[in-house]
Amino acid sequence: MDAKIGAIDTCKPANNDVGSLPTTNSVTIHTPTVPFNSPDSTLGRHLARRLVQVGVTDVFGVPGDFNLTLLDHLIAEPGLKFIGCCNELNAGYAADGYARARGVGACVVTFTVGGLSVLNAIAGAYSENLPLICIVGGPNSNDYGTNRILHHTIGLPDFSQELRCFQTVTCYQAVVNNLEDAHELIDTAISTALKESKPVYISIGCNLPGIPHPTFSREPVPFCLSPRLSNQMGLEAAVEAAAEFLNKAVKPVVVGGPKLRVAKASEAFVELADASGYAVAVMPSAKGLVPEHHPHFIGTYWGAVSTAFCAEIVESADAYLFAGPIFNDYSSVGYSLLLKKEKAIIVQPDRVTIANGPAFGCVLMKDFLAALAKRLKHNPTAYENYRRIYVPEGHPLKCEPKEALRVNVLFEHIQRMLSGDTAVIAETGDSWFNCQKLKLPKGCGYEFQMQYGSIGWSVGATLGYAQAAREKRVIAFIGDGSFQVTAQDISTMLRCGQRTIIFLINNGGYTIEVEIHDGPYNVIKNWNYTGLVDAIHNGEGKCWTTKVHCEEELVEAIETATEAKKDCLCFIEVIVHKDDTSKELLEWGSRVSAANSRPPNPQ
């Protein structure tokens, strides 16, 4: 079967699987209604139609002289909207957030000054396995190889600096400086982004977008992606070995990891959980990829900072299957996980390793999990143990009237806001830990950037996610330090008529860095954040801001944001003490600090 790139609604991911493309037994080829050498058969029109075909209806970017003609052709496409951002970094973050909700995202910038500005966001998308199409308006095709020096460069006649930078953070690079191979390069780039679930780079000469060429048609023929297939013998051998390993275990568990997204295996993971009866946990960066309303869900496994009673069950198991894990210093809490390789089955998107061996390549995760589900004996022992030791979480100490607001009280109220019509965006910092403890209702989205952990990511990502998932109300949690990095694109949210609720956690600095290693550099200049957003609003669009200092003010603010101001962008600045952090951050910070400060090994 082929996976068809088709209409916008068919490209929306199911169960948060980015780039989830439907399969079909037949492929419909639409005959172009306009001759191939029509005046509308241009490079710019072809690119615009391709973006729409794969599900991109909004492109984020910043105009510059090298991409202006290209932008003319993109906005001429009826199904495509250009959303101008305040800077290229935010445009890249917005495309990242859009890809998380829609399955693929795109941004457009200008040569070098724009390209190098967006590079950090592209690197983050690469680390998180997001299909993102980064389009750059490049130099005039006549300038290549002429030894000329152009503006927006570092003053050398070599125009390859930007390309070389992108080669390390994209899976495919296309430099289009002639029309003969433009069709092939563009289509290959877009299909590679979808197949590899990674960003790609497309540079288009500034003089080319408006020129017709016989290789283009006004309505490009839809192209299809051939599905990746498992090696059937390898799959059967892997399933047999895994089933034998797990069926002899007394109290096995399964743990979902972040690569469930790129493997498009969330449904297969749930199928395995249903069939096996095992206790089900997720790694922190996989929150939102596994339904938390599953009857055997026990929480987030994050070593010493796991949700209550989860680590004890996972680490005491005699067998554990990790589907798509990433074990880095952050997810392992400074390399302190109490796991043993000989107890583990590690399932990566196309590889299965059982304990200390054997290993099986060319086995797709979703195929393996679905097949394994049919071979496992039902064994709920680990989950029953969890129910025996589980003690319901207590409530924060009751606030005195007008007492300064505490973070644990804030998130108790946040929990009540969540529904299937909301999505949570958590910024790098203590919001990681506080949001991790939220219990997500069925259908509630959840996104954060744990692998790359770039502060400021959430402002742009909130913009992009909200633009892609208009049916959901996004609730974003952003620290004051992170907000200062990317605050400008609140204005773009207002221009787009978004109704996000932003909780700005004002605790006077980079709290997550304080708990790793404190110093005067972690203190920032305090802003009047609501005043800033009011100034950005400037009477244009729907916006409501407020500051809260105590629980009474918080309750009133939430009620206003969800009722009277439900159609507005709501910005709620929460004033909390600089040392008011989650207990998980205190533990995690000390362990990461210990890992960072290890002395060099003797040579």
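Residues numbered from 1 in each chain as written. Predicted model: local features only at pLDDT ≥ 70, side-chain atom pairs only at ≥ 80, totals over all residues. Heavy atoms only, no water.

Let's talk about the domain arrangement of the chain
For the chain, the domain assignment lists domain 1 (43-205), domain 2 (232-389) and domain 3 (407-589). When each unit is reduced to the centre of its C-alpha atoms, the spacing between domain 2 and domain 3 is 32 Å. Buried area between domain 2 and domain 3, summed over both chains or domains, comes out near 1600 Å², and the portion from carbon and sulfur atoms is 66%. When the buried area of domain 2 at its contact with domain 3 is split by residue, K287, W302 and Y330 rank highest and sum to 38% of it. At the boundary of domain 2 and domain 3, one finds 1 salt bridge. A salt bridge links E447 to R261; the shortest N-O distance between them is 2.7 Å. Our enumeration of links across domain 2 and domain 3 arrives at 7 residue pairs in polar contact (both at pLDDT 80 or more). In terms of residue class, the side of domain 2 that touches domain 3 is made up of 7 nonpolar, 7 polar and 3 charged. (Domains from an automatic or database assignment. Buried area = accessible area lost by both parts, 1.4 Å probe. Salt bridge = Lys/Arg side-chain N within 4 Å of Asp/Glu carboxyl O. Polar contact = N/O pair within 3.5 Å; in protein donor to acceptor, adjacent residues only side chain to side chain. Nonpolar A, V, L, I, M, F, W, Y, C, P; charged D, E, K, R; others polar.)

Observations concerning unusual backbone geometry
A cis geometry characterises the amide bond from G357 onward to P358, with omega recorded as 5°. Within the secondary structure layout, P358 lies in the loop between strand 15 (351-354) and strand 16 (359-361). With a phi close to 50°, K264 is a non-glycine residue in the positive phi region. Inspection of the secondary structure puts K264 in the loop between helix 8 (260-263) and helix 9 (266-276). (Helix = DSSP H or I, 4+ residues; strand = E, 2+ residues; numbered from the N terminus.)

Quick look at the sheet that holds strand 7 (residues 173-176)
Spatially, 4-3-5-6-8-7 is the arrangement adopted by the 6 strands of the open sheet, whose pairing is parallel. At either margin of the open sheet sits one strand with a lone partner, and together these are strand 4 (81-84) and strand 7. Across the sheet, the mean angle separating the axes of adjacent strands is 20° when strand polarity is ignored. Bridge count for strand 6 (residues 132-138) against strand 8 (residues 200-205) is 6 bridges, and the pairing is parallel. Residue pairing across strands places C134 opposite Y201, the latter belonging to strand 8. Running at roughly 165° to strand 5 (residues 105-110), helix 3 (residues 88-102) makes contact with strand 3 (58-61), strand 5 and strand 6 of the sheet. Lying on the sheet, helix 4 (residues 115-127) is in contact with strand 5 and strand 6; it crosses strand 5 at an angle near 160°. (Pairing = 2+ DSSP bridges. Axes fitted to C-alpha atoms, helices over the stretch in contact; angles between N-to-C directions. Contact = heavy atoms within 4.5 Å.)

Focus on the layout of surface pockets
If you add up the space inside the second largest pocket, you get close to 680 Å³. Contributing to the lining of the second largest pocket are 22 residues, with E393, G394, P396, N408 and K437 lying nearest its centre. Going through the elements one at a time, helix 13 (407-417) and helix 21 (583-596) are the ones with two or more residues in the lining of the second largest pocket. Among the elements that line the lining of the second largest pocket, the one with the most residues is helix 13, at 5 residues. When the residues that make up the lining of the second largest pocket are grouped by side-chain class, the tally is 6 nonpolar, 9 polar and 7 charged. (1 Å grid on protein atoms, 1.4 Å probe; cavity = no way out; pocket = protein on both sides within 12 Å on 5 of 7 lines; lining within 4 Å. Points joined across faces, edges and corners; volume = space filled by probe spheres on them.)

Let's talk about the packing of helix 1 (residues 43-53) against helix 2 (residues 68-75)
Running from N to C, helix 1 and helix 2 point in directions that differ by 50°, and their axes come no closer than 8 Å. The angle between helix 1 and helix 2 places the two elements in the oblique class. Taken as a pair, helix 1 and helix 2 cross one another with a handedness that is right-handed. Between helix 1, through G44, R45, L47, A48 and L51, and helix 2, the contact on the second element is made entirely by L70, H73 and L74. (Parallel < 35°, antiparallel > 145°, perpendicular 65-115°, else oblique. Left-handed = near helix turned anticlockwise from the far one by under 90°.)

A closer look at the packing of aromatic side chains
What the rule picks out here adds up to 20 aromatic pairs. A ring pair is formed by F411 and F477, whose centres lie 5.1 Å apart and whose planes are at 35°; its orientation type is tilted. With F411 in helix 13 and F477 in strand 19 (residues 473-479), this residue pair connects regions lying 66 residues apart in the sequence. In textbook terms, an aromatic cluster arises when at least three aromatic residues are bridged by ring pairs, as seen for W302, Y330, W432, F433, Y446 and F448. Across the ring face of Y446, the terminal group of K287 is positioned such that the distance to the ring centre comes to 5.5 Å. (Phe/Tyr/Trp six-rings, centres within 6.5 Å; stacked < 30°, edge-to-face > 60°. Lys NZ or Arg CZ within 6 Å of the ring centre and 35° of its normal.)

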